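# Topology and contacts: notes
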Amino acid sequence: MSTPNLLELHNISKCFGALTALRNLSFHIGEGEVVGLLGDNGAGKSTTVNLISGIHKPTDGYLSVDGKKTTFSCRSDSADAGPVRRMFPNNAVLMPNGHHDAGAPSVTMDEDQGIREAVADAAAKGVRSALLLTGRTMSRVEQARIASYRTALGGHGTSLRGERAGDYSYASGRALAPSIDVDATDAVFCTSDAMAMGVLDAHRRHFPEHRPARFRLYGFDNVSLTQFDAYPISSIGADKRDYVAQIVRILEQPARLARASEQVLVATRFVPRLTG
């Protein structure tokens, strides 16, 4: 007789109003497995963990624990479930690039450093007013990122004319592009490169030969997207090879992972290109 999986998700979907955060997600975790949950910004990683931990209820689908269909009505239900406690002991979970408990090991990007460099670059080029296009503001990571931009802009005396929330995608960048007052905004900072690409395509006439004629444009996070000639966007990012290498180094020693609470900080940097 086979041993049931410690946890299974069966065709899980989760909607927040008109927004579908997860659609038909299924996977399983067996006893003793080390599992990574990877995805782009806004892919639904936090929502998935929140469903497992009882913070959210699925719109469709269900969870099973030790082979039994399970419903967590609140976070305490999840905390009392023996199998989930075996999966998520605080000191046996590696948190990549997100908020984490003090006792948990983590690999996190030092976003503040790159943001300060980008804002300083803009200020040195005469930028006195800026607009911030953000991702999903319900994310605590995004909230911290927005706070870093506010602090950096304020430190240079740059007026923040407003903040517009998108979802990190190219489509949301294009949708927000008409809200940019090109006559009163010196620079637009986007918290994802995909959003910046959408803005650039919507305002190509203001970037002859990719250079800013009305406002400067800065992206964030996935510098590899902006290495194409069609999108030479000034951006902020970390060395992804170093980031992944640090994660692999820790996960290769699972016994040590459960004993240590190593905090690794991977530096971001500003990468100047034509649009800035």
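For the structure, check the block above.
Heads up: these notes are all about the structure in this document. (Residues numbered from 1 in each chain as written. Predicted model: local features only at pLDDT ≥ 70, side-chain atom pairs only at ≥ 80, totals over all residues. Heavy atoms only, no water.)

Here the focus is the pattern of salt bridges. All chains considered together, the criterion is met by eight salt bridges. E142 is the salt-bridge partner of R145, the closest N and O atoms lying 2.5 Å from each other. With a gap of three residues between them, R145 and E142 both fall in helix α5 (residues 140-155), about one helical turn apart. In this pair, the class of R145 matches that of E142, namely buried. For E163, the salt bridge is made with R150, and the minimal N-O distance between the two is 2.7 Å. With E163 in strand β8 (residues 159-165) and R150 in helix α5, this residue pair connects regions lying 13 residues apart in the sequence. Each member of the salt-bridge network shares a partner with another, and the members are E111, E142 and R145. (Salt bridge = Lys/Arg side-chain N within 4 Å of Asp/Glu carboxyl O. Helix = DSSP H or I, 4+ residues; strand = E, 2+ residues; numbered from the N terminus. Buried < 20%, exposed > 50% of the residue type's maximum accessible area, 1.4 Å probe, protein only.)

On to the sheet that holds β8. Strand pairs in the sheet, formed through backbone hydrogen bonds, run parallel or antiparallel to each other. Taken together, four strands build an open sheet; the order of strands is β8-β7-β9-β10 and the sheet is parallel. Strands with a single pairing partner mark the edges of an open sheet, and in this sheet they are β8 and β10 (216-218). If you compare each strand with its neighbour and ignore which way they point, the axes differ by 15 degrees on average. Bridge count between strand β7 (residues 129-134) and β8: six bridges; the pairing is parallel. Considered in β8, the bridge of A130 is made with L160. (Pairing = 2+ DSSP bridges. Axes fitted to C-alpha atoms, helices over the stretch in contact; angles between N-to-C directions.)

Further remarks concern α5. An ideal rise of 1.5 Å per residue puts 22 Å on 16 residues; α5 measures up with 23 Å between its terminal C-alpha atoms. When α5 is considered as a whole, its buried residues turn out to be E142, R145, I146, S148, Y149, A152 and L153. All buried residues of α5 fall inside an arc of 155 degrees around its axis, so they share one side. Summarising the geometry of α5, the exposed residues directed more than 90 degrees from the buried face are R140, T151, G154 and G155. Looking one or two places after α5, you find G157, whose phi comes out positive at around 70 degrees. (Expected span 1.5 Å × (residues − 1). Arc of directions from axis to C-beta.)

Distances and angles like these do not, on their own, reveal function.
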